[in-house]
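Letter by letter, the chains look like this.
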Amino acid sequence: MLETKNGMYLPTDDFASKSHADQATYQAMYDSSVEDPEGFWGEHGRRIDWIKPYTKVKNTSFAPGNIDIRWYEDGTLNVAANCIDRHLETRGDQTAIIWEPDSPEDDALHITYKELHANVCKFANVLKDMGVKKGDRVVLYMPMIPEAAYAMLASARIGAIHSIVFAGFSADALGARVAGSNAKVVITSDGAPRGGRVTNLKDNVNQALNNVADDVKCLVVRRTGQQVAWRHDLDVWLHEAAQNVSDDCPPEEMNAEDPLFILYTSGSTGQPKGVVHTTGGYIVYASMTHQYTFDYHDGDVFWCTADVGWVTGHSYIVYGPLANGATTLMFEGVPTYPDAGRFWAVCEKHKVNQFYTAPTAIRALMGKGPEFVEKYDLSDLKVLGTVGEPINPEAWNWYHNVVGKGNVPIVDTWWQTETGGHLMTPLPGATPTKPGSCTLPFFGVQPVILEPTTGEEIHTTAAEGVLCIKDSWPAQMRTVWEDHERFEKTYFADYKNYYFTGDGARRDEDGYYWITGRVDDVINVSGHRMGTAEVESSLVAHPKVAESAVVGYPHAIKGQGIYAYVTLMNGVEPSEELRKELETWVRKDIGPIAKPDLIQWAPGLPKTRSGKIMRRILRKIAEDDFGALGDTSTLAEPEVVEDLIANRMNRH
Ligand code: WTA
């Protein structure tokens, strides 16, 4: 049992003494990382193999009008060589990837580093044969199969920039991202089994490419063997093309600041933006956070349950673990198939040592009862991690008591697509934890809390406000794909000289950080980021919808649910049928994760006299918090609020 003191769970002496960092080490390393970033990152950058070593470490500016972020800028390297080739001599026969298929009846795969090398090289040579060159963009729309990792590493090997689109996104969303990055090739599979059901990925790709770019080639991995509609001049089967290529492909020499990948993410305005991560700083930081946050040691089996379509899958299924020569587990399925014990069955089967998942999954499994966990032997677990949204203490305690049996440290990792890796997290041998707090910053990270309206830094230990970061860290995003102005506007315009996270936070009297949620119009649904503006623009594109406003509301399992207020066109009558029609519309337009949970018919929306929608009021109504509506007298038509309250959805 972990001991507690003042409500904090303490690392055990035994764990601390075997860990990469105990409390004193963390403190000493943290201090040196902020006092002398050049020296610190200069030293730790050498955990990666460089072709041409860097002589410059940090060259970063958050100054208005000159946002410019460079790390290791004169060094050259190849990320795939760091994730594969450099391990061949020492651990060529060690398992690099354990693949657990959707159905427990099917065999798992164990892919060694040697096999990974051969598979990635072949994949890379196939891409080259399809005309992909250094700097070209390649879009991945893939199930969670080893080929998804091969495709990422193959792109990195030849210097192509990958852009992964989560396979749960619709054909339309995929098409927009293919067009947005002007991709040369899309990589997909015939079908994607998940939870016993199969999605026809290739059909979605065909539809997407038909709409936006009918000259884009498609490389198809055979996963299910189902029938697919084939575009004879443009489609290539991987298993056929791979027969004709060599299993060796020399890695391309890349500059540290060459882009490694683009990943689209939602923001508070407009369509999703292409977050750009580069090569050197990203891989240094992904590998270092993976080692320290999870206290990863040689021989451990590491499992991150995210999908490679999200940043968590990039950094902690593929790049961080493989750069460290780890054994990383990749799971094709879902937590509740065939039943709510699947995660724990997989942990037992593969003797998982570090397990990393999202609070939404924990809450969903918690609701199914402890018996699904208790059936399995989880004695190999050494560290439990969470990511994606604030974890409520009830879920934290269940994770701690039922999964960890009271003696496995929990790391609550706070970070973002934009940050590339963990920015705040406990280190399991160093940091006493408090349920619900992401505790303290990682090396090199300087969080600050600003007063929201003045932008002044609050210097007292206990503070609450908007969370910004004072200086750069190596895995920081460098720009928005082909839109540096948007990068500056989104992250550096509201609070000058800081990186603005979009999150609110509280710092307690011990200096511990508690994320209070987004302060912008981004909502977090089951750990997935969703811009309310995206859902709104999808709804208003429907011919029967005149106007819409979308907000988040508290949801027991998802964290936040999607609440849509919809004003219909004159003469259109609301009906259950229309409600379903709108749900299907958004699902098709963006994907199932964007489907509104609740749609309220709104004859009018509360607006200021200048026509601005008062979202604050709509949020309060959706939250059932009618007492705190604030001043409504400045509204153009105050009576619309009464109507919205009277007709709020799902009132108990
Ligand atoms: C939220 C996911 C509280 C936060 C890696 C952030 C969290 C957004 C945590 C980024 C956490 C992520 N505690 N909130 N441990 N981790 N968030 O880009 O609001 O999909 O800004 O990256 O998720 O989501 P993204």
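Residues numbered from 1 in each chain as written. Predicted model: local features only at pLDDT ≥ 70, side-chain atom pairs only at ≥ 80, totals over all residues. Heavy atoms only, no water.

Looking at an unreviewed UniProt entry, the protein carries the name Acetyl-coenzyme A synthetase, with the source organism given as Boseongicola aestuarii. Among the UniProt annotations of the protein, the heading Sequence similarities (unreviewed entry) holds the following wording: "Belongs to the ATP-dependent AMP-binding enzyme family." According to its UniProt record, the protein has this under Catalytic activity (unreviewed entry): "acetate + ATP + CoA = acetyl-CoA + AMP + diphosphate". (UniProt positions renumbered as here; feature names shortened; annotations may be inferred.)

(A) Examining the overall build of the protein more closely. For the protein, the count of helices and strands is 21 helices and 32 strands. By the compact-globule yardstick of 26 Å for 652 residues, the protein fits well, its C-alpha radius of gyration being 24 Å. Each principal axis of the C-alpha distribution contributes one length, and for the protein these read about 75 × 65 × 55 Å. A distance of 2 Å separates the average location of the 61 positive side-chain charges in the protein from that of its 88 negative side-chain charges. (Helix = DSSP H or I, 4+ residues; strand = E, 2+ residues; numbered from the N terminus. Rg over C-alpha atoms; globule rule 2.2 N^0.38 Å. Lys, Arg positive; Asp, Glu negative; His and termini not counted. Charge placed at Lys NZ, Arg CZ, Asp CG, Glu CD.)

(B) Main features of the UniProt feature "binding site: CoA" (unreviewed entry) in the protein. Listed under "binding site: CoA" (unreviewed entry) in the UniProt record, and renumbered for this structure, are Arg 194, Gly 195, Gly 196, Arg 197, Thr 312, Ser 526 and Arg 587. Taken along the chain, the residues just named run across 394 residues; in space they spread out, the farthest C-alpha pair reaching 24.1 Å. Locating Gly 196 in the fold gives a position in the loop between strand E11 (192–194) and strand E12 (197–199). Residue contacts for Gly 196: discarding those within four places in its chain leaves Asp 102 and Tyr 337. For Arg 587, the position within the fold is in helix H19 (residues 576–589). For Arg 587, a relative accessible area of 38% translates into the label partly exposed. Arg 587 has contacts with Ser 170, Pro 592 and Lys 595, leaving out every residue within four places of it along the chain. (Contact = heavy atoms within 4.5 Å. Buried < 20%, exposed > 50% of the residue type's maximum accessible area, 1.4 Å probe, protein only.)

(C) Spatial organisation of the UniProt feature "binding site: Mg(2+)" (unreviewed entry) in the protein. Taking the numbering used here, the UniProt-annotated feature "binding site: Mg(2+)" (unreviewed entry) corresponds to Val 540, His 542 and Val 545. Residue classification places Val 540 among the partly exposed residues on the basis of a relative accessible area of 36%. When residues no more than four places from it in sequence are discounted, the contact partners of Val 540 are Val 545, Ala 546, Glu 547 and Ser 548. With respect to the element layout, His 542 can be found in the loop between helix H18 (532–540) and strand E30 (545–555). With residues up to four places along the chain from it excluded, the contact list for His 542 reads Leu 578, Glu 581, Leu 582 and Trp 585.

(D) Representation of the nonpolar core in the model. Grouped together as the largest cluster of nonpolar side chains are 120 residues, with contacts concentrated most on Leu 116, Leu 153, Ile 187, Tyr 319 and Phe 443. No other element matches the 9 residues that helix H7 (residues 146–158) contributes to this core. Mapped onto the domain boundaries, this core takes at least three residues apiece from domain 1 (3–82 + 279–517) and domain 2 (92–255). Here Phe 443 is in contact with Tyr 26, Met 29, Tyr 30, Ser 33, Phe 40, Trp 41, Tyr 285, Met 288, Tyr 292 and Leu 427, once residues within four sequence places are set aside. Among the nonpolar cores identified, the runner-up in size contains 42 residues, and Phe 169, Leu 174, Ala 213 and Trp 601 belong to it. (Core = buried A, V, L, I, M, F, W, Y, C linked by side-chain atoms within 4.5 Å. Domains from an automatic or database assignment.)

(E) Structural context of the sheet that holds strand E27 (residues 513–518). With antiparallel pairing, 4 strands are arranged side by side in an open sheet as E23-E24-E26-E27. A single partner strand is all that each edge strand has here, and the edge strands are strand E23 (447–450) and E27. Across the sheet, the mean angle from the axis of one strand to that of its neighbour is 45 degrees, orientation sign disregarded. Bridge analysis of strand E24 (residues 463–469) against strand E26 (residues 499–507) gives 6 bridges, and the strand direction is antiparallel. Within E26, the residue paired with Cys 468 across the bridge is Phe 500. (Pairing = 2+ DSSP bridges. Axes fitted to C-alpha atoms, helices over the stretch in contact; angles between N-to-C directions.)

(F) Inspection of the site of the ligand at higher detail. In the neighbourhood of the ligand, 17 residues make up the surrounding shell, with Asp 412, Thr 413, Thr 417, Asp 503 and Arg 529 lying closest. Within the backbone of Glu 389, one N or O atom sits 3.4 Å away from a nitrogen atom of the ligand. About the coverage of the ligand: the protein hides 96% of its 520 Å² of free accessible area. When contributions to the shell around the ligand are tallied by element, the ones reaching two or more residues are helix H12 (311–323), strand E22 (410–413) and E27. Among the residues forming the shell around the ligand, the class breakdown is 6 nonpolar, 6 polar and 5 charged. (Near = heavy atom within 4 Å. Polar contact = N/O pair within 3.5 Å; in protein donor to acceptor, adjacent residues only side chain to side chain. Areas by Shrake-Rupley, 256 points an atom, 1.4 Å probe, with all protein chains shown as cover. Nonpolar A, V, L, I, M, F, W, Y, C, P; charged D, E, K, R; others polar.)

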